[in-house]
Amino acid sequence: MTNPQLDIDRIIDDRRTRIVVCCGSGGVGKTTTAAALGLRAAERGRQVCVLTVDPARRLAQSMGLTSLDNTPRLVDGVDDEAGGSLHAMMLDMKRTFDEIVEAHADPARAAQILANPFYQSLSSSFAGTQEYMAMEKLGQLRRSDEWDLIVVDTPPSRSALDFLDAPERLGRFLDGRLIRLLTSPVKAGRPFGRMLNAGFSMMTGAMTKVLGAQVLRDAQTFVTAFDTMFGGFRERADATYKLLQAPGTSFLVVATPEPAALREASYFVERLAEERMPLAGLLLNRVHSAGSCQLSAARSQAAAETLETMILNERVASASSADYSVAAQTATAAALRLHASRMNLGERERRVAGSFMSAHPAVPVVEVPALPEDVHDLAGLRRVGESFAVQG
Amino acid sequence: MTARDTDWDGVRLHVVTGKGGTGKTTVAAALALALAHAGRKVLLIEAEGRQGIARLFDRPPLPYEERKIAIGPGEAEDGRNPGGDVYALAIDPEGALLDYLQMFYNMRGIGNALTKLGMVDFATTIAPGLSDVLVTGKATEATRRKQPSSSSGFSYDAVVLDAPPTGRVGRFLNVSAEVSGLAKVGPVRVHADSVANVIKSPQTAVHFVCTLEEMPVQETLDGIAELRSVGGLQVGGIVINMAPPTVLSREELQAQPDTAAMAEALTAAGLHNTDELAKELADELAGHARHVELAEHERAELEAVGQPVYELPLVIEGIDLAALHRLAAELRDQGAA
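This next bit is on the overall build of chain B. Summing up its helical and strand segments, chain B has 14 helices and eight strands in all. Among the 337 residues that make up chain B, the fraction classed as buried is 49%. Pairs at least 24 residues apart make up 72% of the contacts formed inside chain B by residues separated by at least 6 positions.

Structural data, given as structure tokens:
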């Protein structure tokens, strides 16, 4: 590996780092990484808040989180000798959306919006709402200035890039041409001109056909009620986007040494560069390290075969298969086979990771070894955090 | 048709889900290959445009079009029994919407105009649930499509849908509930209901791909519970993917390795420096034993679900077409197809 070593401790110890965003495709261990990073930073003296989205139950429990309640909770059992602390919260996207509505509309209008079926669907299942709300919450936490480091775990999107695109998409929708057209029913004699008018009524006709008149009506009512908030939405999305480009933010791309995960990581690295967002580096998670035994796969395989032949011959000769040396030979042959597949796996992972690294030679990388067990408690998170440290 | 019974005779739409990173797309592709035998025609659908299927089969990105991408295994003994065909289709919500407009209203032209105005954005990403209805709608349409000249009377003998990950699959499949909050009447509702008629029928089974690790197993159990709570959805098999290799029996693994005897065996096999080597290998063996024990625990949890469980080995070299065929053969041997 010729890429520079990613020094995570240097990033979390640097007081100028205010936000770390953990991103990557699904199933690579983002949430655990975010939690372990938060704990490590807290125990090294930072006031940390970890914002997680949909963590596995036991991981959430390990940080004392029991429900989605949108409130940062102090995590017990953190070593505070260095003067740090750890808070954690799980994102409740609907609640966050409701709060924005409540903050921006008078009570009567807010109530009208919250009761609208279109809003209810939008706030609980629009494909980008979770991402948008994660960003919104991040902005709120950052502005509150109660924490000096916020670690965000990005939502389990279809693609890692959704995290960057969804706020923009939701903003575009809420601000969009189409939705404005919906709210201003076509009247004859409007400056649209007859042609456009005809085209437009044909289109609303088509939409009514596809969606049904009631869906369109709900959407129109929603948009009318929501109208005053559109500008605000766009502004908020822009502000959060700027926050992500600010110098205090660091993106940590998480991937496993698998082609699909590293492909996503590649897209993300390129995208961050385009958006001028600060990339800390790649955390290559769940690497199967070779261990202390350096016997090559080929030699290991060959020795296993030799032993297996010997076992077979001895069985034929003595017929006493329970023999002491046969048992040891069987175990040894098995251990050699295992060792060979382990070396092969390590080789493959290095090859897969190597193609990422040669495409992005300047991206700092840290490898984190695969753990036999999932993390259930702070001690486990602490061990994961220790594995982030640069090995001497 | 072959005389051999499989666990899923009568199922024509196989939905494959799994936690991210468990190899869901690989298993879906292997299942499609396994089903494509004896002249059967199978459609493999990718629901989330990542082009994973094209990559697996080493093809350029798939368009929104059903294309033949592979030939299933034939039964060579009698020579008369050819392999089947695997077709693939990558669905994106936009394409599915235009397809829907064309199919039901003959309005593709308008669809294109709507795309320009952002209508498609609105209808697929924004109108919640609509995109899922369109994708599942396309899968069920392909499942039901008639072809009088074929032996089964259908265009495809089986359809395999590479569905969204476990965390989202309940919502994805529960189409009628999903749109009902939004559209109580109207064409979308009617369409959703007709999609639900196929999905919530014995013709459809939802298979879960899982690795023997805690989080994926927990997600699988949660996903199965969620599906069962919906009612009408048929839980299919559980496919354990990337299973650790079995090199020794349980008893052999539990036995304390005798490093002196191991060193002797290593010397006999022609290796050097065997005292140290034996210690290192014994450590690796102990680590493996611990891993197997954890995996066994997870396997027991999956077996307690009571659905058929299949097991596919970890392919260390990475997945290529040859590996897919090997996995397909495993699935066939174990009765999944």
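From this point, the discussion proceeds with the structure in view.
Residues and elements named next belong to chain B. The eight strands are arranged 3-4-2-5-1-6-7-8 in an open sheet whose pairing can be described as mixed. Edge positions in the sheet fall to strand 3 (67-71) and strand 8 (309-313), since each has one partner strand and no second. Shown here is a sheet whose adjacent strand axes are inclined to one another by a mean of 25°, direction ignored. Bridging between strand 6 (residues 204-210) and strand 7 (residues 235-243) involves four bridges; their strand directions are parallel. Opposite Cys210, over in strand 7, you have Ile240 as the bridge partner. On the sheet, helix 1 (residues 24-35) packs against strand 1 (13-18), strand 2 (41-46), strand 3, strand 4 (85-90), strand 5 (158-162), strand 6, strand 7 and strand 8 and is oriented at approximately 175° with respect to strand 5. Together, strand 1, strand 2 and strand 5 form the strand contacts of helix 6 (residues 130-144), whose direction differs from that of strand 5 by roughly 165°.

A separate point is the pairing of strand 1 (residues 19-23) of chain A. Residues and elements named next belong to chain A. A large share of strand 1 lies buried, amounting to five of its five residues. The pairing of strand 1 with strand 5 (residues 149-153) spans four bridges and is classified as parallel. Looking at strand 5, one finds that Val21 is bridged to Val152. Relative to strand 6 (residues 249-255), strand 1 is paired through five bridges, and the arrangement is parallel. Bridging across to strand 6, Ile19 finds its partner in Thr249.

Another aspect to go through is helix 12 (residues 259-268) of chain B. Among the residues of helix 12 of chain B, Thr259(B), Met262(B), Ala263(B), Ala265(B) and Leu266(B) are the ones counted as buried. What you see down the axis of helix 12 of chain B is that its buried residues fit within an arc of 160°, all on one side.

Another aspect to go through is the nonpolar core. Formed by 90 residues in total, the largest nonpolar core has its most connected members in Leu31(B), Ala32(B), Leu44(B) and Val160(B). With nine residues, helix 1 of chain B is the largest single contributor of residues to this core. Beyond its immediate stretch of four places on either side in the chain, Val160(B) contacts His14(B), Val16(B), Ala28(B), Leu31(B), Ala32(B), Leu35(B), Val42(B), Leu44(B) and Ile45(B). Core analysis: the second largest hydrophobic core is formed by 74 residues, Cys23(A), Ala36(A), Val365(A) and Val366(A) among them.

In this section: unusual backbone geometry. Its identity as a non-glycine residue notwithstanding, Arg286(A) has a phi of 55°, on the positive side. Considering the arrangement of structural elements, one finds Arg286(A) in strand 7 (residues 279-287). The exposure class of Arg286(A) is buried, given the 20 C-beta atoms found within 10 Å. In the Ramachandran plot, Asn273(B) falls in the positive-phi region, its phi being about 55° despite a non-glycine side chain.

With that settled, the discussion passes to helix 10 (residues 214-230) of chain B. Residue and element names in this part refer to chain B. If you check helix 10, its first and last C-alpha atoms are 25 Å apart, about what 17 residues at 1.5 Å a residue would give, namely 24 Å. Taken together, the buried positions of helix 10 are occupied by Met215, Pro216, Val217, Glu219, Thr220, Gly223, Ile224 and Leu227. Buried residues along helix 10 sit in contact with strand 1, helix 7 (166-173), strand 6, strand 7 and helix 13 (274-303). Gly231 lies just past helix 10 and shows a positive phi near 85°.

Definitions and limits used
Residues numbered from 1 in each chain as written. Chains lettered and ligands numbered in written order. Predicted model: local features only at pLDDT ≥ 70, side-chain atom pairs only at ≥ 80, totals over all residues. Helix = DSSP H or I, 4+ residues; strand = E, 2+ residues; numbered from the N terminus. Buried ≥ 20, exposed ≤ 12 C-beta atoms within 10 Å, placed from the backbone. Contact = placed C-beta atoms within 7 Å. Pairing = 2+ DSSP bridges. Axes fitted to C-alpha atoms, helices over the stretch in contact; angles between N-to-C directions. Arc of directions from axis to C-beta. Core = buried A, V, L, I, M, F, W, Y, C linked by C-beta atoms within 7 Å. Expected span 1.5 Å × (residues − 1).

By themselves these figures say nothing about function.
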